[in-house]
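Listed here are the chains, written in short residue letters.
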Amino acid sequence: MTAQPALTLEIQPLTREAFAPFGELIEASDAVQHFTINAGNTERYHDLARIEPGPDGRVIVSIFRGQPRTLPFTVQMMERHPKASQAFIPMSGKPYLVVVAPAGNPPAAQDLKVFLARGDQGVNYATGVWHHPLLALETVSDFIVIDRSGPGHNCDEVQLDTPGLIPALRS
Ligand SMILES: NC(=O)N[C@@H](O)C(=O)O
Ligand code: NI
């Protein structure tokens, strides 16, 4: 099959509402339940993400140290975790990209959504949601990752028939 021309993808800001079909935004904002604790010293932004390890899995916490990607970036593949959710929470304060498609059938380029996440926004991919592996920007960046350890296969990868092209960010 001849190589298909890439489909240029639109980059949109990461908001709770726009990301809702794919999981939860992990962000301290007035949009979520929050309350003061520790005798007034601390504000708790409560219960932000639905962490799902699956019936036979265990929740684990890891750190991913991502090398920065160069834009424009061609999305050639996507992956999903059919047994569990996966959360990424930035530790380095740098922006990153989130590329997702709805759970279910393997995505086509036109199904992809690209979000530019700020360095104070995390995401939780709901179980089975298609996503691209970590796309750090600007510098080597650390992320806390909350996902699953357990028996069985928990990572499906697909190659896109038509690649998606993420353009350079407008300054
Ligand atoms: N493979 C792995 O643990 N990482 C991916 O799941 C990812 O989403 O970055
Ligand atoms: Ni993943």
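The structure this text deals with has already been given above.
Quick look at the structure, then.

Criteria and cut-off values
Residues numbered from 1 in each chain as written. Chains lettered and ligands numbered in written order. Predicted model: local features only at pLDDT ≥ 70, side-chain atom pairs only at ≥ 80, totals over all residues. Heavy atoms only, no water. Donors = N, O, S within 2.8 Å, 3.2 Å for Na, K, Ca; no water. Tetrahedral: all angles 85-135°; square planar, octahedral: opposite > 155°, others 65-115°. Buried < 20%, exposed > 50% of the residue type's maximum accessible area, 1.4 Å probe, protein only. Pairing = 2+ DSSP bridges. Helix = DSSP H or I, 4+ residues; strand = E, 2+ residues; numbered from the N terminus. Axes fitted to C-alpha atoms, helices over the stretch in contact; angles between N-to-C directions. Near = heavy atom within 4 Å. Polar contact = N/O pair within 3.5 Å; in protein donor to acceptor, adjacent residues only side chain to side chain. Areas by Shrake-Rupley, 256 points an atom, 1.4 Å probe, with all protein chains shown as cover. Nonpolar A, V, L, I, M, F, W, Y, C, P; charged D, E, K, R; others polar.

### As for the coordination of the nickel ion (ligand 2)
Protein ligation of the nickel ion (ligand 2) involves Glu79 (OE), His81 (NE2), Gln86 (OE1) and His131 (NE2), the donor distances falling in the range 2.1 Å. Geometry at the nickel ion (ligand 2) is octahedral, judged from its six donor atoms and the angles of 75 to 177° they form at the metal. In the primary structure, the donors to the nickel ion (ligand 2) are separated according to the pattern E-x1-H-x4-Q-x44-H. Look at His81 and you get buried, because its relative accessible area is 9%.

### Here we look at the sheet that holds strand 6 (residues 58-66)
Here five strands make up an open sheet; going across it, the order is 3-11-8-14-6 and the pairing antiparallel. The open sheet has two edge strands, strand 3 (23-26) and strand 6, and neither has a second partner. On average, adjacent strands in this sheet sit at an angle of 15° to one another, irrespective of strand direction. Bridge count between strand 3 and strand 11 (residues 122-125): four bridges; the pairing is antiparallel. By the bridge assignment for strand 11, Leu25 is matched with Val123.

### Considering the site of ligand 1
The environment of ligand 1 is formed by Phe64, Glu79, His81, Gln86, Phe88, His131, Pro133 and Leu134. Between ligand 1 and Leu134, the relevant distance is 3.3 Å, taken from an oxygen atom to a main-chain nitrogen or oxygen of the residue. Across the complex, the protein chains shield 71% of the 270 Å² of accessible surface that ligand 1 would expose by itself. Broken down by class, the residue content of the shell around ligand 1 amounts to four nonpolar, three polar and one charged.

### Comments concerning the pairing of strand 15 (residues 156-166)
The two faces of a sheet get side chains in turn, since along a regular strand they alternate between them. Inspection of the sheet shows strand 1 (residues 7-8) paired to strand 15 by two bridges, in the parallel sense. Residue pairing in the sheet places Leu7 in a bridge with Gly164 of strand 15. As paired elements, strand 7 (residues 73-80) and strand 15 share seven bridges and run antiparallel to each other. Residue pairing across strands places Thr74 opposite Leu165, the latter belonging to strand 15.

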